[in-house]
Amino acid sequence: MRTTTVGDLRILVPDLDPDGLDSTSELTDDLSDAVVEDASWRGAELEGVRIRSSRITGADLSESTWEAGTLFGCEVTRTDFSGAALSGVTIERCAVTGSRFTGTRLTDIRFKDVLFEGCRFDYATLTRITAAGAVAFVDCILTDATWSSCRLPNIVLRSCQLARLELVSCQLQGADLRENSLHDLKTSLGNLHGITLDEDQLPDITHLAVTELNLTVQRR
């Protein structure tokens, strides 16, 4: 494992040695210490599957379902989860890079020490997601997504596209949203309680407040 830093957040992510991993394309109930490249698992039905200490690159898990199970200590790169449904999965000490979650439904997921970098979450639905440790989204597309009843204290979003991201009954206390445009967020101000901003984002917050309070602003 190694530590990477995003803003003030330190995230423990895997540092896998490919020489110590076995190549496979088979998805078993307990996949460990494996290298998976360009595997076609589209529409797979997974239940209780545990994937540990593995490097997954270019896999197709689109339209799949995954209930319960664990993704632990893994590097996931350029993998397609679009249209998939994940429920009750724990994702811990993972780095997910350049992967696609377009239209993915994530429900009752627990994140701990997870870095998403360069990923697409457009039109994704995140429901009752919990951050039990450090979580960061860097250079991710979150447009037209919905986060509902999520508990994501102290997460960091950096250089993400947030247009029309809808926040419903979320707790983001201590979250760091600097370096993102908040202008087109679809949210009440209560969902942003306790977040950290920079001065350049104050006009975005003012716009949200004017919209939420239905204020009329007139020139003198």
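Description of the structure in this document. (Residues numbered from 1 in each chain as written. Predicted model: local features only at pLDDT ≥ 70, side-chain atom pairs only at ≥ 80, totals over all residues. Heavy atoms only, no water.)

**A look at the overall build of the protein**
Working step 1: The helix and strand tally for the protein stands at one helix and 21 strands.
Working step 2: Considering only C-alpha atoms, the protein reaches an extent of 70 × 35 × 25 Å along its principal axes.
Working step 3: The 220 residues of the protein split such that 47% are buried.
Working step 4: Contacts spanning at least 24 positions in sequence make up 11% of the contacts within the protein whose residues lie at least 6 apart.
Working step 5: For the protein, the accessible area works out to roughly 10800 Å², and carbon and sulfur atoms hold 42% of it.
Working step 6: The centroid of the 21 positive side-chain charges in the protein is displaced by 6 Å from the centroid of its 34 negative side-chain charges. (Helix = DSSP H or I, 4+ residues; strand = E, 2+ residues; numbered from the N terminus. Buried < 20%, exposed > 50% of the residue type's maximum accessible area, 1.4 Å probe, protein only. Contact = heavy atoms within 4.5 Å. Areas by Shrake-Rupley, 256 points an atom, 1.4 Å probe, with all protein chains shown as cover. Lys, Arg positive; Asp, Glu negative; His and termini not counted. Charge placed at Lys NZ, Arg CZ, Asp CG, Glu CD.)

**Remarks on the nonpolar core**
Working step 1: With 59 residues, the main nonpolar core has Phe116, Phe121, Phe137, Leu142, Trp147 and Leu157 as its most contacted residues.
Working step 2: Mapped by element, the contributors of at least two residues to this core are strand E5 (34-37), strand E13 (90-97), strand E15 (110-117), strand E18 (135-138) and helix H1 (202-212).
Working step 3: Beyond its immediate chain neighbours, meaning those up to four positions away, phenylalanine 116 contacts Val96, Phe101, Phe111, Phe121, Ala136, Phe137, Val138 and Cys140.
Working step 4: One finds Ile11, Val13, Ala134 and Val156 within the second-largest nonpolar core, a separate group that totals ten residues. (Core = buried A, V, L, I, M, F, W, Y, C linked by side-chain atoms within 4.5 Å.)

**What to know about the state of the cysteines**
Working step 1: Scanning the model with the defined rule gives zero disulfides in all.
Working step 2: Left without a disulfide partner, cysteine 74 is nearest to the cysteine sulfur of cysteine 94, which lies 4.9 Å away.
Working step 3: Cysteine 170 takes part in no disulfide bond, and the closest cysteine sulfur, belonging to cysteine 150, lies 4.5 Å away. (Disulfide = S-S within 2.5 Å.)

**Thoughts on the side chain of serine 148**
Working step 1: Of note, serine 148 is situated in strand E19 (residues 146-148).
Working step 2: Residues contacting serine 148, with those up to four places away along its chain left out, are Leu126, Thr127, Arg128, Val168 and Cys170.

**Here we look at the sheet that holds strand E21 (residues 166-168)**
Working step 1: Strand order in the open sheet formed by seven strands is E6-E9-E12-E14-E16-E19-E21, and the pairing between neighbours is parallel. For this open sheet the edge positions go to strand E6 (45-47) and E21, each flanked by a neighbour on one side alone. Mean inter-strand twist for the sheet, computed between neighbouring axes without regard to direction, equals 5 degrees.
Working step 2: Across three bridges, the pairing between E6 and strand E9 (residues 65-67) is parallel. Among the inter-strand pairings, leucine 46 is bridged to a residue of E9, identified as tryptophan 66. (Pairing = 2+ DSSP bridges. Axes fitted to C-alpha atoms, helices over the stretch in contact; angles between N-to-C directions.)

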